[in-house]
Amino acid sequence: MGLAYFLSCLVTTGILSFVFTYFLYNPNKLPTQIKDMSNKCGIAVIGAVFFGWSLLELASWPNEWPNTLSPFGIFPFLIAALSLSLYSIEKGIINRFWIYLFVTLISSQFLPADLLVFQGLLPIGLDRLCLSVVWAGFVHLYTTMDKVDSMTLAQTQALCIGFAFLSPLYPALFPLSLTYYPILMLAALLGFLFYKKTFPHLQLGKAGSAPLGFLMGFFFIMMAGKGMWLAFFVMPSYYYFEWISSFIYRIRHRSQQLPIKYTFYVTRVVQNHLNAVGIMPFLMKRMIILALLGILVQDFVWVAVVALIVLYLDLVTRLNTWGEPKPRLRDVFSDIKKASTILWTSAKDEIQHLKKR
């Protein structure tokens, strides 16, 4: 595929996301009788991704990923993502997890027969069943974290940046065409963000978080099929951190009479500090580091463990002291000087007191 074609597709995806968002969610144009869709802008983003990925699929060489996934290429997974977006417009009577599991079970049947996520340890039927459950659980976690404002946007952008490095770092495992797909997703998200500047209250909502979680899980499945399971634990580890923190918090406050409104760690930090501006960009930088770390440390488990401990200790420390004045080197010397003066004065008074006695 030519570079000019790819760049035109990239620009088109970003513009389409802006245009779809404008026509679907412009509060100045929507009549009052139409239901407010301001928290379901993910439809516009997924529509742009569907268009961009479809053009890439049609323009790719026959022997390149993702054409080799199935006779239908990547279209079954695109249709599944779009279906999840449309389903999420309204909350149904069935628990969302079962819908996610149903979609992932069907989607797993379109994966190539030689792609075994559990590396041949399980029969292919059981392998498909287990990966569908894990995939659905990941989508469910993605939609749960959507309760934190802009979390889905930040995490998806960070993961797409990490996925874009797969082909350059592992050319023997992933063809160059794989790089184009996460970049197009970034373009769609940036197109939405550009429009969001005009109307900051607009959100992706479940219509965006569910299909985006599905597509992120799709990338992880492709990586796991190549033996890169460690990335599945490292790259989205911030979500696991929030889930574990929320679980511990609810256990500790289970006897509380009033309902626990804010269980996620970052939400509690925002509620406890009025000066919370900049927390999301701060988190996104850490998410990008985690996304790149998961790509780079495939054969170094202990390096990944140590790096995660250091990153999260730094993250917790920084968030707990958010809004407080940062210590400066000159302040340290100033405090030492004051302490020395106090000690010297006290010692001097004590000596004079002893002399008098």
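What you are looking at is a predicted structure, and each value in this text was computed from that prediction instead of being measured. (Residues numbered from 1 in each chain as written. Predicted model: local features only at pLDDT ≥ 70, side-chain atom pairs only at ≥ 80, totals over all residues. Heavy atoms only, no water.)

### Observations concerning the overall build of the protein chain
In step 1: Scanning the protein chain from N- to C-terminus turns up 15 helices and zero strands.
In step 2: Burial status across the protein chain gives 46% buried among its 357 residues.
In step 3: Taking all contacts inside the protein chain whose residues are at least 6 apart in sequence as the whole, residues at least 24 apart take part in 75%. (Helix = DSSP H or I, 4+ residues; strand = E, 2+ residues; numbered from the N terminus. Buried < 20%, exposed > 50% of the residue type's maximum accessible area, 1.4 Å probe, protein only. Contact = heavy atoms within 4.5 Å.)

### Some words on the packing of aromatic side chains
In step 1: Summed over all chains, the structure comprises 29 aromatic pairs.
In step 2: Summarising the aromatic geometry, the rings of tryptophan 53 and tyrosine 181 are spaced 5.2 Å apart at their centres and angled 85° between planes, so their arrangement reads as edge-to-face. In this pair, tryptophan 53 is assigned in helix H2 (residues 42–59) and tyrosine 181 in helix H8 (residues 177–196), connecting sequence segments 128 residues apart. As far as the burial class goes, tryptophan 53 and tyrosine 181 line up, both buried.
In step 3: Seen from their ring centres, phenylalanine 118 and tryptophan 229 are 5.6 Å apart, and the 35° between their planes marks the pair as tilted. Residue phenylalanine 118 is located in the loop between helix H4 (96–108) and helix H5 (124–144), and its partner tryptophan 229 is located in the loop between helix H9 (206–224) and helix H10 (230–234); the two are separated by 111 residues in the primary sequence.
In step 4: For the cation-ring pair, arginine 268 lies above tyrosine 249, with the distance from its terminal atom to the ring centre recorded as 4.0 Å. (Phe/Tyr/Trp six-rings, centres within 6.5 Å; stacked < 30°, edge-to-face > 60°. Lys NZ or Arg CZ within 6 Å of the ring centre and 35° of its normal.)

### Digging into the environment of phenylalanine 194
In step 1: One can find phenylalanine 194 in helix H8.
In step 2: Judged by relative accessible area, phenylalanine 194 falls into the exposed class, the value being 55%.
In step 3: Taking the C-alpha atoms as reference points, phenylalanine 194 and serine 17, 177 residues apart in sequence, are found 9.4 Å from one another.

### Concerning H2
In step 1: Taking 1.5 Å per residue, 18 residues should reach 26 Å; H2 reaches 26 Å between its end C-alpha atoms and fits that length.
In step 2: Across the 18 residues that make up H2, a large majority, 13, are buried. (Expected span 1.5 Å × (residues − 1).)

### A closer look at the packing of helix H6 (residues 151–163) against helix H13 (residues 279–296)
In step 1: Contact geometry for H6 and H13: axes closest at 8 Å, N-to-C directions at 30°. As far as their axial angle goes, H13 and H6 are roughly parallel. As for how H6 packs across H13, the hand of that crossing is right-handed. Contact residues: Met151, Ala154, Gln155, Gln157, Ala158, Leu159, Ile161 and Gly162 in H6; Met280, Leu283, Met284, Met287, Ile288, Ala291, Leu292 and Ile295 in H13.
In step 2: Among the residues making up the contact of H6 with H13, the classes are represented as 13 nonpolar, three polar and no charged. (Axes fitted to C-alpha atoms, helices over the stretch in contact; angles between N-to-C directions. Parallel < 35°, antiparallel > 145°, perpendicular 65-115°, else oblique. Left-handed = near helix turned anticlockwise from the far one by under 90°. Nonpolar A, V, L, I, M, F, W, Y, C, P; charged D, E, K, R; others polar.)

### Concerning H5
In step 1: Between its terminal C-alpha atoms H5 stretches 30 Å, which fits the 30 Å expected from 21 residues at 1.5 Å a residue.
In step 2: Listed in full, the buried residues belonging to H5 are Asp127, Arg128, Leu131, Ser132, Trp135, Ala136, Phe138, Val139, Leu141, Tyr142 and Thr143.
In step 3: Of the surrounding elements, those touching the buried residues of H5 are helix H3 (75–87), H4, H6, H9, H10 and helix H11 (237–252).

### Topic: the packing of H4 against H5
In step 1: Put simply, H4 and H5 touch, their axes get as near as 8 Å, and they point 135° apart. In terms of their interaxial angle, H4 and H5 are classed as oblique. Here H4 and H5 pass one another in a crossing that is right-handed. Taken together, the residues of H5 that come into contact with H4 (itself represented by Phe97, Tyr100, Leu101, Thr104, Leu105, Ser107 and Ser108) are Arg128, Leu129, Leu131, Ser132, Val133, Trp135, Ala136, Gly137, Val139, His140 and Thr143.
In step 2: Its residues assigned to classes, the contact of H4 with H5 shows ten nonpolar, seven polar and one charged.

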